[in-house]
Amino acid sequence: MELYEFTAHQLHNLLLQRKISAEELCTSIYQRIAETEEVVKAYLTLTRDQALAQARRVDQRLRAGETIGPLAGIPMALKDNLCTKGVRTTCASKILFNFIPPYDATVVSKLDREGAVMLGKTNLDEFAMGSSTENSGFYPTHNPWNPDCVPGGSSGGSAAAVASGEAIFALGSDTGGSIRQPAAFCGVVGMKPTYGTVSRYGLIAFASSLDQIGPFAKDVTDCALVLNAICGRDSMDSTSVIHELPDYTSFLVDDIKGFKIGLPKEYFAEGLDSRVRAVIERAIKVLEDRGAHIEETTLPHTRYALPTYYIIAPAEASSNLARYDGVRYGFRAEDAKDIIDMYSRTRSLGFGNEVKRRIMLGTYALSAGYYDAYYNKALKVRTLIKRDFERAFEKFDAILSPTAPSPAFRFGEKTDDPLTMYLSDIYTLAVNLAGLPGISQCCGFVDGLPVGLQLIGRPLGEGTLLRIAYTFEQSTEHHRVRPRIGKGVA
Amino acid sequence: MGKWEAVIGLEVHVELKTNSKIFCSSTTEFGGDPNTHVCPVCLGLPGVLPVTNKKVVEYGIKVGLALNCEIARFSKFDRKNYYYPDLPKNYQISQYDLPLAYNGYLEIESEAGRKRVGIVRVHMEEDAGKLIHEGTIASTPYSYVDYNRTGVPLLEIVSSPDMDSPEEAKAYLEKLKAIIQYTGVSDCKMEEGSLRCDANVSVRPKGSTELGTKTEIKNMNSFRALQKALAYEIQRQIQVLEDGGRIVQETRTWDEERGVTVSMRSKEEAHDYRYFPEPDLPPLVISPSWVEAVRRELPELPEARQRRYVNDFGLSSYDASVLTSTKEMADYFEECLSFYPQPKVVANWVMGELARLLNATNIDISARPVTPRQLASLLELIDRGVISGKIAKTVFEEMFSTGKEPQQIIEEKGLVQISDEAELRAVVRRVIAANPKSAADFKAGKEKALGFLVGQVMKETRGKANPGLVNEYLREELTKL
């Protein structure tokens, strides 16, 4: 078995037993990247020198007999909308092609303190707007299971990196499904924690009230380890919630007897690929066999989630992205006549079509005379959607659904019609509107492409989700199946 | 104005004197090399988030209470979206529909007596940066931006349209400035931009209750400018209406040099700010106990201080209002009283000589060129007869320009009052002898002649003779004749 095939918790043991050094591990993952990156294109920037230096520091600590944390020396990747001091951070946008942040995002400092080794920055849909990574301003990332297919998005680079063994774990961001949907498409574990659990400081904002950072991992155990490292109240983020931080690994219990899980009928309706439905039904059977009570429930306002999301998210984005104007940093168009011309040319040339579409949608929704009909109405519907979940959680410990209506689709399949593309997040959007935690894990395959199982929890109910997902993982082998790419099996 | 009356409302921006900015820990210090008082947060770099400075909310509550406002139990920040290079995020974090404080008032003295001016709202927001142009904004090939001021906390205070003359507007702004200075949350220096004022102006036929179309006037950088701009704009609007025209709703800027207001943009060109709740900041929940705690810390405000001066010190209401018009002057007055407890004498000196010299030299009382203790020493020297009241004024001028102690000046210049009887009687006799006609006039009952003779004694002693004694000895010597 090659090093890139191991999980973080396995590699941690190898490091502790001194069977490998962090430097060796780091080098071997770069080797893997050299083998597969040509096809996958998960990364926008590689930071080899910095990574090797970090790995050597971990080796020094090991040699000095110091104790190291579970992520020390573990090679990982960061979505390129997380600010990294001194390392180019682009959001996969031409408008930030040369932006080098003077500061680290809170999660980046936290991982750095843990000794995790950053390999590089991964590709995404520009400003995290998209579901296929086709909207990257630089190049698309390919699905390691089938390079003709998209890896999902917007955190497609992070998902593909973990799936292909180009990173042991990764961080992404999830505004409407941007961690869970690519995790599903790439067959890895992806989690969006409760809004406010992970500090957003240093995450380049798309939609502030929906954005949340979360992990991609090869299994549920690694997912819990990364959560331990990145969660917690941060004084730099006023929306980060104050709560006692649990040890997420304490929820890795192989037992869900008596757990009540709801199946929202609206998530199993028209639009769901029948082959995906069949895979999900088999997964439901597995959980029932392990003692869970599973029954149908309803989230009646589900059909309003997509229109609500596509008012609130673009509205916030139109304001968040206003700062990219060519005045202070990033791309600036040449030969402008005056300041207005400079703004308009910079933004016309610097932003891609999807970003422009959403800026216009959001600007319209917030405009005088339309605000009440769109933005204000959307806020009200958002409350109704939240209440749907509250009502369901009076009865259930978790809600189960497919992560996406279909497996990974082919390049270009949905690029002509934005609405079709938006529908690939139909099962994940509402979770962000309600601020809830959600996890996606691989529960089977259709035509050699992974299918994601989504579990949605109560606010701060990450533990319950981890326990169900862990029990499912212990009862199945799907998470051990890796795509055939490069010389070996990842 | 004849058959017209003006309706004026003011929007005032006040910079708060916190140590750090409203949403980050950068310093608020005035000046500094360009872009040195900045951090990723106030520069609006990608990925940063605002964190509310609690002190700003506290100061806002303080001003709200001082202006008799209700304090919101539930308030929030909103984003005001517009593009300008001095605004790094291209939106300003401000407050829209749920301001921190609302529904207050302050009182001014106007021609018609005491008048209440309503305060519609007090809200918090962040300041923008400063553009520096090479030459003029029209000709400059490029401009520089200094973000030091970006994120400095501001309060915006909006009045009701309750004022009907430039004088009332000035009185309102002076009173507002005094109240805020009393609370200690701002310097309120118009010349440094820590107090800024825009005005909404309209005119209507006298007696009408309907409001006319208003214009907004910007760029008035002094109290004088405010009065002049309003007077001009009211006259302009009346002229337009009398010529059968219509007022266009627009924003106009005051051109100080030409003494006119000039159209900046019409209502059609007005920005749509697309306000929406700031998603990066949770709403503010303000507990009544916090409000009460702030209320307890409120210092004595001008109105109360004025009443105290009248009741406890027996000052006239006019004197009391002048002395309390700024906190610095009132503090100076009371500090002086602590050394020399005669309110009327001190009041006369502070409002007279001191105010005159401050005005003439354009020095602020806070600079205290003569300290209250020094003024008190001077007054004691008069009481002890060391110098006359007249010489004291000369000494005070010297104190004002040199900062020296009165005693030292008196010694250096030999200004000690002559009270020695033998010495004075000698001069008096000499003067009587040299002016027999005046002496005869006095004896004939012409009191005025005595004044002339006193003057002659003073002249001979170069003003140092004790005037009381001179009077006494002159009368005695004259009756002996």
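Bear in mind that the values here come from a model prediction, so they are computed numbers and not experimental data. (Residues numbered from 1 in each chain as written. Chains lettered and ligands numbered in written order. Predicted model: local features only at pLDDT ≥ 70, side-chain atom pairs only at ≥ 80, totals over all residues.)

(A) Region of the structure containing the interface of chain A and chain B. At the interface, 35 residues of chain A touch 23 residues of chain B. Secondary structure elements with two or more residues in the side of chain A that touches chain B: α9 (305-320), α10 (339-350) and α11 (353-366) of chain A. Among the elements that line the side of chain A that touches chain B, the one with the most residues is α9(A), at three residues. Among the residues forming the side of chain A that touches chain B, the class breakdown is 20 nonpolar, nine polar and six charged. (Contact = placed C-beta atoms within 7 Å. Helix = DSSP H or I, 4+ residues; strand = E, 2+ residues; numbered from the N terminus. Nonpolar A, V, L, I, M, F, W, Y, C, P; charged D, E, K, R; others polar.)

(B) Quick peek at the confidence of the model for chain B. Confidence in the prediction for chain B averages 93 pLDDT; 100% of positions are at 70 or higher. Reported confidence for the predicted complex is 0.96 by ipTM and 0.90 by pTM. (pLDDT = per-residue confidence, 0-100.)

(C) Structural view of the nonpolar core. The biggest cluster of nonpolar side chains holds 219 residues, and the ones touching the most others in it are Ile74(A), Met76(A), Val117(A), Val162(A), Ala167(A), Phe169(A) and Ala170(A). The contact partners of Phe169(A), leaving out residues within four places of it in the chain, are Ala8(A), Ile74(A), Met76(A), Val162(A), Pro215(A), Phe216(A), Ala217(A), Asp222(A) and Val226(A). Listed in part, the 30 residues of the second largest apolar core include Phe333(B), Leu354(B), Phe400(B) and Ile410(B). (Core = buried A, V, L, I, M, F, W, Y, C linked by C-beta atoms within 7 Å. Buried ≥ 20, exposed ≤ 12 C-beta atoms within 10 Å, placed from the backbone.)

(D) Broad picture of the pairing of strand β4 (residues 78-81) of chain B. Residues and elements named next belong to chain B. Across the two faces of β4 the burial is the same, with Asp78 and Lys80 and Arg79 and Asn81 all buried. The sheet contact formed by β4 and strand β5 (residues 91-94) spans four bridges and is antiparallel. Paired with Asp78 across the strands is Ser94, a residue of β5. Both β4 and strand β15 (residues 276-277) contribute to a ladder of two bridges, which runs antiparallel. Paired with Arg79 across the bridge in β15 is Phe276. (Pairing = 2+ DSSP bridges.)

(E) Spotlight on the sheet that holds strand β11 (residues 195-205) of chain B. Residue and element names in this part refer to chain B. Taken in spatial order, the nine strands make up an open sheet running β2-β6-β7-β10-β1-β11-β12-β13-β14, and their pairing is mixed. For this open sheet the edge positions go to β2 (70-71) and β14 (260-266), each flanked by a neighbour on one side alone. Sheet topology places β11 next to strand β12 (residues 215-220); four bridges connect them, and they run antiparallel. Residue pairing in the sheet places Val201 in a bridge with Thr215 of β12. Those strands touched by helix α2 (residues 166-183) are β1 (4-15), β6 (101-110), β7 (113-126), β10 (153-159) and β11, and its axis lies near 120° from that of β6. On top of the sheet, helix α3 (residues 223-242) reaches β1, β11, β12, β13 (250-255) and β14; it is set at about 25° to β11, its chief contact. (Axes fitted to C-alpha atoms, helices over the stretch in contact; angles between N-to-C directions.)

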